[in-house]
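Coordinates in review
Residue strings, one per chain:
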Amino acid sequence: METLNLLSDPVYAKDSVDAVIHAANRFKEKYGRKAVLMEVCGSHTMAIAKSGIKTRLKDDVQLIAGPGCPVCVTDQESIDSMIQLSQESNRILCTFGDMMRVPGSKFSLMQAKTEGKDIRVVYSPLDTLKIAEQNPDKEVIFLGIGFETTIPILALTIQEAMTKRIKNFSIWMTTKLVEPVLRNLLESGQVKVDGFILPGQVSVVLGKNRFLYLAKDYKIPGVISGFEPVQLLRGIYRLLNLLIDEKAEIINDYTYAVKDEGNQIAQNLINDYLMPNDEGWRGIGIIPESGLDLKEQYARFDAKKKFNITIQKPKMTKCRCGEIIRGLISPEDCSLFNKGCSPINPIGPCMVSAEGTCAAHYQYMREE
Amino acid sequence: MAKRVSLAHGEGGELTHQLINDVFIKAFNHKEQTKFDSAFINITSERMAVTTDSYVVNPLFFPGGDIGKLAVTGTINDLAVSGAIPLGITAGFIIEEGFLISDLRKIVQSMAIEAEKSGVKIVAGDTKVVEKGSADGVFINTTGIGIMHRKDQLKPETIKTGDSIIISGTIGDHGIAILSARQELGLLTDVKSDCAVLTHMIRNLMDYSEGIRIMRDPTRGGLATSLVELSEDFGFTAEIDDSTIPIRDDVHGACDILGFDPLYLANEGKIVMIVDPSKEIEILNRLKEYEAGRDACVIGRIVECNDSKGKVLLKTPLGTTRRLHRLSGMLLPRIC
């Protein structure tokens with residue numbers, strides 16, 4: 001409880017800000033420019049905006065949002081597919097809340113629901129099994145999105161479905177992995193990043209060691225951070241110090257939740273049920289082996305194989321979410337931001353998600 | 001008496017009569033009023049207040065209340081924070097065929113208890129039954145009538161720079177109670193809704209305290225949306241301090257998990273008010289005399305008047321300020 005109180009202590013927070021600014025100035029003196037740090041995770045992006053960290057540090061450190069919001073990177077094709085699947089009356093589609101308003105090529109799942117399609121919000125994929133049991137005459141399909149944080153529970157859901165011998169359940173897999181997208185980002189050379197604030201909850205599953213490649217292969221340091229403002233400030237401080245000392249290392253600053261080896265049970269679940277696949281990322285395109293699909297022996301739970309649907313090529317809009325999730329531009333650089341694209345009428349997923357960069361800017365950093 | 005509501009209960013015949021007699025009249029203690037097509041109330045004041053609201057909450061029963069309690073407290077509080085003394089309310093029911101009469105009885109009983117607490121009569125009502133699937137259990141519409149307090153003392157035109165912003169207690173309790181009551185959420189929290197009639201507390205303030213400029217009950221859209229509306233309606237800039245806003249630890253925790261901002265969660269038993277700073281202590285003390293005002297505190301100040309657009313700023317623990325806006329769209333739980 002004392003630790004928790006400290007995390008929200010305003011005096012401690014102000015001291016942390018002063019320490020970060022001091023370190024940022026040392027960086028500027030040494031390199032003649034501001035440090036560019038990318039927070040990979042959408043929850044970090046939201047916390048940085050909401051707490052005022054981004055505004056407070058704007059003259060000292062350039063904080064850019066990365067591709068770690070699962071909603072933002074979900075391809076339009078997946079939304080279009082789910083909407084196509086919902087056309088049959090004997091189907092119940094289930095999804096997480098913030099997927100409902102993500103626009104597909106023409107409609108969102110919310111719009112499909114208002115037209116009478118049976119689309120339900122669930123809080124856990126396991127809830128979909130109850131729905132399947134209660135509706136034996138219907139096919140229940142879950143839109144399986146998410147990073148390593150969410151993927152183990154998808155595997156667990158398959159395990160449960162097998163144990164309970166549920167046959168009217170399947171998952172439309174469109175999961176994403178952090179390592180391939182970070183490698184893609186770094187190898188594209190489009191964005192210059194000095195260091196990474198690494199995602200706390202993904203690291204709980206993967207462990208610190210699974211981020212060592214950043215230091216080894218790309219000579220870029222990273223700090224695994226928690227989500228409270230004070231934790232984030234400390235993460236930024238430690239990252240700046242690594243850069244000043246020219247140390248390409250990965251620091252685990254979220255030790256009470258993250259182990260070096262990660263969560264073995266969660267990793268085993270992933271390995272038992274899922275295998276790598278080439279996954280499409282909204283605004284980026286296909287990245288080889290950047291997602292996970294069900295293994296062949298579980299194909300009966302794979303909605304892509306169970307149902308035959310034809311997907312049209314997604315319609316292009318002026319939405320620049322693809323560049324925003326790669327840290328190439330800021331939300332204000334998009335011509336649609338707050339001009340036709342808002343949380344009430346989102347054009348792109350970055351404006352929809354509770355973790356989206358555009359939503360964070362709209363909600364917490366917008367001035368009129 | 002049948003166990004469930006059927007379409008025939010809404011046809012206006014014998015079954016309707018039975019339902020009204022057995023459920024509504026018994027609870028609401030109607031006497032002469034039921035003999036006419038209208039209720040009669042004596043109004044002596046020249047200035048009346050009228051408000052109406054419909055309640056479609058899911059689930060119907062939640063920790064700290066039910067849809068009936070909500071329907072009565074919501075309408076009575078709307079009158080009270082407008083500076084009116086509630087006199088009577090009407091209640092219209094839209095009931096889904098198959099609804100358990102025992103549940104209806106519980107809901108109606110809650111309404112009767114809350115109305116009684118405020119000394120308000122439920123003076124007229126209506127019952128319609130719709131086919132299964134056309135409604136979600138029960139929908140209730142309530143309309144309230146009141147007379148303005150004799151002092152008629154709410155004076156938003158006197159809002160000045162330096163005025164204090166007071167919240168009467170912890171925010172977000174109702175929003176989290178409703179979410180945790182939805183079985184699918186599985187949130188292990190014992191947060192109860194703050195749903196309560198505030199008539200006595202407000203009446204006491206109005207009777208004995210001067211200096212209240214304006215009051216609102218921050219229901220849907222939460223504290224942030226209420227303050228933004230006030231700032232725009234009355235043209236001022238308000239600054240509230242994040243660290244002073246009372247929020248229960250478990251509400252905070254649930255918000256962190258779900259990605260919700262407590263400033264935007266609904267409250268059903270709270271008042272936000274702008275008051276003369278010289279009366280601030282007296283008003284706080286008076287609020288604290290009541291259970292619903294136990295955690296009352298000052299959360300900010302008016303920092304500028306005559307701001308034609310009006311805005312609300314939130315001071316963060318890091319010493320920065322950010323602008324608060326209305327709730328945008330729906331609150332949807334995040335994925336991770």
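Let me begin by describing the structure that accompanies this report. (Residues numbered from 1 in each chain as written. Chains lettered and ligands numbered in written order. Predicted model: local features only at pLDDT ≥ 70, side-chain atom pairs only at ≥ 80, totals over all residues. Heavy atoms only, no water.)

1. What to know about the side chain of S231 of chain B
Residues and elements named next belong to chain B.
- Following the sequence through the fold, S231 ends up in helix α6 (residues 222–234).
- Accessibility expressed as a relative area gives 0% for S231, which makes it buried.
- Ignoring anything within four residues of it in the chain, the contact list for S231 reads F236, K309, G310, K311 and V312. (Helix = DSSP H or I, 4+ residues; strand = E, 2+ residues; numbered from the N terminus. Buried < 20%, exposed > 50% of the residue type's maximum accessible area, 1.4 Å probe, protein only. Contact = heavy atoms within 4.5 Å.)

2. Some points on the pattern of salt bridges
Residues and elements named next belong to chain A.
- A full pass over the atoms with the stated rule returns 34 salt bridges over all chains.
- For K130, the salt bridge identified is with D127, shortest N-O distance 3.4 Å. One end of the pair is K130 and the other is D127, both in helix α7 (residues 125–134) and three residues apart, which spans about a single turn.
- Among the salt bridges present, the one from D253 reaches R238, with a minimum N-O distance of 2.8 Å. Residue D253 is found in the loop between β9 (250–252) and α13 (264–273), and its partner R238 is found in helix α12 (residues 229–244); the two are separated by 15 residues along the sequence.
- Several salt bridges converge on common partners, so that one network encompasses E179, R183, K216 and D217. (Salt bridge = Lys/Arg side-chain N within 4 Å of Asp/Glu carboxyl O.)

3. Concerning the sheet that holds strand β9 (residues 236–241) of chain B
Residues and elements named next belong to chain B.
- Strands sit in the order β8-β10-β7-β11-β9-β12-β13 across an open sheet of seven strands; the sheet is mixed. Only two strands of the sheet have a single neighbouring strand rather than two, namely β8 (212–216) and β13 (321–324). On average, adjacent strands in this sheet sit at an angle of 25° to one another, irrespective of strand direction.
- Relative to strand β11 (residues 297–305), β9 is paired through five bridges, and the arrangement is antiparallel. Each residue of the ladder has a partner; that of E239, found in β11, is R301.
- Strands in contact with helix α8 (residues 280–288) are β7 (164–167), β8, β10 (272–275) and β11; relative to β7, the strand with the most contacts, it is inclined by about 5°. (Pairing = 2+ DSSP bridges. Axes fitted to C-alpha atoms, helices over the stretch in contact; angles between N-to-C directions.)

4. Thoughts on the packing of α7 of chain A against helix α8 (residues 151–163) of chain A
Residues and elements named next belong to chain A.
- At a closest axis distance of 8 Å, the pairing of α7 and α8 adopts a crossing angle of 25°. Between α7 and α8, the angle falls in the class roughly parallel. Two packed elements cross with a definite hand, and for α7 against α8 that hand is right-handed. The residues of α8 that touch α7, namely those facing P125, L126, T128 and L129, are I153, L154, L156, T157, E160 and A161.
- Across the contact of α7 with α8, the residue classes break down as seven nonpolar, two polar and one charged. (Parallel < 35°, antiparallel > 145°, perpendicular 65-115°, else oblique. Left-handed = near helix turned anticlockwise from the far one by under 90°. Nonpolar A, V, L, I, M, F, W, Y, C, P; charged D, E, K, R; others polar.)

5. Some remarks on the nonpolar core
- Core analysis: the largest hydrophobic core is formed by 93 residues, its most contacted members being F169, F196, F211, L214 and L274 of chain A.
- If near-sequence neighbours (up to four positions away) are discounted, F196 of chain A is found in contact with M38, V40, L182, L186, L214, I220, P221, G222, V223 and L239 of chain A. (Core = buried A, V, L, I, M, F, W, Y, C linked by side-chain atoms within 4.5 Å.)

6. Overview of the pairing of strand β5 (residues 139–146) of chain A
Residue and element names in this part refer to chain A.
- Of all the eight residues making up β5, eight are buried; the element is thus mostly covered by neighbouring parts of the structure.
- Here β5 shows a buried face lined by E139, I141, L143 and I145 and a second buried face lined by V140, F142, G144 and G146.
- Where strand β3 (residues 91–95) lies against β5, four bridges are found, and the strand directions are parallel. When the sheet's bridge partners are listed, C94 is paired in β5 with F142.
- Here β5 runs beside strand β6 (residues 169–175); their pairing, made up of seven bridges, is parallel.

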